[in-house]
Amino acid sequence: MGVRNYLIEGVSGTGKTTVATELQQRGYHVIHGDRELAYRGDPRTGEPLDRPRHEQEDVAFVHRQHLWHVGKVRSLAADKSHPVSFFCGGSRNSHHFIDLFDAVFVLEIDRETLENRLAGRPEDEFGGRPAERDLVLHLHATREDIPANATTIDATRPLAAVVDDILSKCRGAG
């Protein structure tokens, strides 16, 4: 039996980075997908994009370009040097690698909590500007970016309870 790989997803502001940091502090191998795997690319072809600055004002367009390097995800998922790996973050091309995960967890919060979390974000963090907040709230309501067949995790609880819940659902993660 090889390494077990888990994906922790959710819209911006649900706590993916915070959960990832807590998992690391508990000694688990964590890949911060939005930091380590993400790039701007064509969602159809995966080709990297370098658009002029004025095109970045279309928040939905930029959001659709947030991809993860598929080859890197596959390589990390095949690495057997860690008994468990948690990939945390969101990408618009997860359908190219979601089959690599033993389970997918989606962090869920209510709209009010999400609005409060986004209101506290700086403008240089996604969701910190009004147009980005509007998009995140739309995605939260429609669930259009949420992977199908994922296990929902109530992320309104204290961080330790959220992480304990995820770990309890991971076969042999302890």
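Refer to the structure above for everything that follows.
Chains are numbered independently. Their residues run from 1 in the order of the written sequence. In keeping with the model being predicted, local features are shown solely for residues with a pLDDT of at least 70 and side-chain atom pairs are shown and tallied solely at 80 or more, while totals for entire chains, interfaces and linings include all residues. Excluded from the side-chain calculations are hydrogens and water; all other atoms, namely the structure's heavy atoms, are used.

## Regarding the pattern of salt bridges
In step 1: Within this document, salt bridges are pairs made up of a side-chain nitrogen of Lys or Arg and a carboxyl oxygen of Asp or Glu, the two lying within 4 Å of each other. Per the stated rule, a full pass over the model turns up 10 salt bridges.
In step 2: Asp-42 is the salt-bridge partner of Arg-44, the closest N and O atoms lying 3.4 Å from each other.
In step 3: By relative accessible area, which is 71% here, Arg-44 ends up exposed.
In step 4: Relative accessible area decides the class of each residue, using a 1.4 Å probe on protein chains only: under 20% of the type maximum gives buried, over 50% gives exposed, and in between gives partly exposed. In this structure Asp-42 comes out as buried when scored by relative accessible area, which is 14%.
In step 5: Here Arg-121 makes a salt bridge to Glu-125, at a shortest N to O gap of 3.3 Å.

## Quick look at the packing of aromatic side chains
In step 1: In this scheme Phe, Tyr and Trp rings, the latter by its six-membered ring, pair at centre separations within 6.5 Å, and the angle between planes marks the pair as stacked below 30 degrees, edge-to-face above 60, and tilted otherwise. According to the stated counting rule, one finds 6 aromatic pairs in the structure shown.
In step 2: On the basis of an interplanar angle of 75 degrees and a centroid distance of 5.1 Å, the ring pair of Phe-87 and Phe-101 is categorised as edge-to-face. Of this pair, Phe-87 sits in strand E5 (residues 84–88) while Phe-101 sits in the loop between E5 and strand E6 (103–108), and the two are 14 residues apart along the sequence. The exposure classification of Phe-87 matches that of Phe-101, with both residues buried. Here a helix means four or more residues in a row that DSSP labels H or I, a strand means two or more in a row labelled E, and each is numbered from the N terminus.

## A look at the nonpolar core
In step 1: Counting 31 residues, the largest nonpolar core has Ile-8, Val-19, Leu-23, Phe-86, Phe-105, Leu-107 and Ile-166 as the members making the most contacts within it.
In step 2: Broken down by secondary-structure element, the contributors of at least two residues to this core are strand E1 (4–9), helix H1 (16–25), E5, E6, helix H5 (111–119), helix H6 (130–142) and helix H7 (159–169).
In step 3: By definition, residues are in contact when any of their heavy atoms lie within 4.5 Å. Those residues within four positions of Ile-8 in sequence are excluded, and the remaining contacts are Lys-16, Val-19, Leu-23, Phe-86, Phe-87, Cys-88, Gly-89, Phe-105, Leu-107 and Ile-166. In plain words, nonpolar cores are sets of buried Ala, Val, Leu, Ile, Met, Phe, Trp, Tyr and Cys residues tied together by side-chain atoms within 4.5 Å.

These results come straight from atomic positions and should not be treated as a statement about function.
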